[in-house]
Amino acid sequence: MPNPFYDRDIVSIRDFAKDDLEFVFDTTDSISRLKHSQRGELGKGRTLGYIFYEPSTRTRMSFEAAMASLGGSSIGISDLKSSSVEKGESLADTIRVIDLYSDVILLRHPLDGSSRFAAELSQNPIINAGSGSEEHPTQALLDLYTILKEKGKIDGLSVAIVGDLKYGRTVYSLLYGLANYKVEVHLVSPPTLRIRKESLYEIQDKLKIKEHSKLDEVLPETDVIYVTRIQRERFPDVQEYEKVKGTYTIDENTLAKSKSDIAVMHPLPRVDEISQSIDHTKNAIYFKQASYGKELRAALLALMLNENLSR
Ligand code: NCD
């Protein structure tokens, strides 16, 4: 199978088939086994250019670390105040210029559709690092890869996705990705933060989905619980946020009601939805998940930059 990522935009995980996902998972395994010196050839002389219109810790740093591990470099803007965006420069002009200086462009922006728009303008491929509440495709790739590594499979699992299912973009990319597998999905949220209807219609034929508002009723059957932060910044009214914040907290009591090998995941940052008191347990895999992020993104960048790379 030819490399499906070479020179491709990564705007939505829906643009990729199951074989493509498996291609990048296999490449992540093989790249992680490479010697330092071999790995350092894959991005030599190449540049990742990024701009973040919203805050980021893991996404930006894991991409930078990944690019460095391939022998490449990163340039970019994470503080808009120090850029010409502050002077009123448009997204279109900003992307056109980053395109001149980079081989791959990484964009995070508060608007749905921003990455698709940027991809139409730039010559070099765009990676969507989060577009509004729409999607965050590379997060979903690393989430699926984490499930595969930690559970040894994806098919046959029961996955609970908990928290802000209305505004959480990682949730949408993860669901679209899971739709390639035979999994049972339990969506747990306050009634006001249920998954958006148009997305539910899209995936309900491909996935076994059930919606809940009580976490306890899904715990005994769950293999993977994917917890999300209530996305305060996306609420049109802060009082609405106040009503739902702190609805779910994963702690020792939650683990006591769950399968002994339940895997607790979170894209991070967490606020109060996972208690630090479970960080030391074998169930808490959210920091491991963040570390798989660097390896998966290194594989993705290597594939985007090297046509003949095989898995
Ligand atoms: C997420 C995001 O930006 O969507 N963060 C991340 O990339 N890991 C999740 C969040 O902000 O809650």
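Before reading on, note that the structure itself is shown above.
In this text, all values refer to a predicted model and were calculated from it rather than measured experimentally.

J.: Explain the layout of surface pockets to me, please; I cannot follow it from the model alone.
T.: Unfilled space is identified by rolling a water-sized probe across the atoms. The space that makes up the largest pocket amounts to roughly 410 Å³. If you trace the largest pocket, you find 21 residues lining it, with Arg 108, Arg 169, Arg 229, Leu 268 and Pro 269 closest to the centre. Broken down by secondary-structure element, the contributors of at least two residues to the lining of the largest pocket are helix 3 (58-69) and helix 7 (169-178). The residue makeup of the lining of the largest pocket, split by class, is four nonpolar, ten polar and seven charged. There are two domains that each give the lining of the largest pocket at least three residues, and those are domain 1 (13-134 + 292-305) and domain 2 (137-290). If you add up the space inside the second largest pocket, you get close to 180 Å³. Ile 77, Thr 94, Val 97, Ile 98 and Tyr 101 are, among the 13 residues lining the second largest pocket, the residues nearest its centre. For the lining of the second largest pocket, the secondary structure elements donating two or more residues are strand 1 (47-52), strand 2 (73-77) and helix 4 (91-101). Looking at the lining of the second largest pocket residue by residue, the class counts come to seven nonpolar, five polar and one charged.

J.: Just to check I follow, could you spell out the pairing of strand 2 for this structure?
T.: Successive side chains on a regular strand alternate, one facing one side of the sheet and the next facing the other. Pairing of strand 1 with strand 2 involves five bridges; the strand directions are parallel. Residue pairing for strand 2: Gly 49 is matched across the bridge by Ile 75. The β-α-β motif built from strand 1, the intervening helix 3 and the parallel element strand 2 has right-handed crossover chirality.

J.: Just checking my understanding: could you explain the packing of aromatic side chains for this structure?
T.: Counted according to the given criterion, the structure contains seven aromatic pairs. Here the aromatic rings of Tyr 145 and Tyr 292 are separated by 5.5 Å at their centres, their planes lie at 90°, and the arrangement is edge-to-face. One end of the pair, Tyr 145, is in helix 6 (residues 137-151); the other, Tyr 292, is in helix 11 (residues 286-305), and 147 residues separate them in sequence. An identical accessibility class is assigned to Tyr 145 and Tyr 292; each is buried.

The rules behind each value
Residues numbered from 1 in each chain as written. Predicted model: local features only at pLDDT ≥ 70, side-chain atom pairs only at ≥ 80, totals over all residues. Heavy atoms only, no water. 1 Å grid on protein atoms, 1.4 Å probe; cavity = no way out; pocket = protein on both sides within 12 Å on 5 of 7 lines; lining within 4 Å. Points joined across faces, edges and corners; volume = space filled by probe spheres on them. Helix = DSSP H or I, 4+ residues; strand = E, 2+ residues; numbered from the N terminus. Nonpolar A, V, L, I, M, F, W, Y, C, P; charged D, E, K, R; others polar. Domains from an automatic or database assignment. Pairing = 2+ DSSP bridges. Right-handed = clockwise from strand over helix to strand, strands pointing away. Phe/Tyr/Trp six-rings, centres within 6.5 Å; stacked < 30°, edge-to-face > 60°. Buried < 20%, exposed > 50% of the residue type's maximum accessible area, 1.4 Å probe, protein only.

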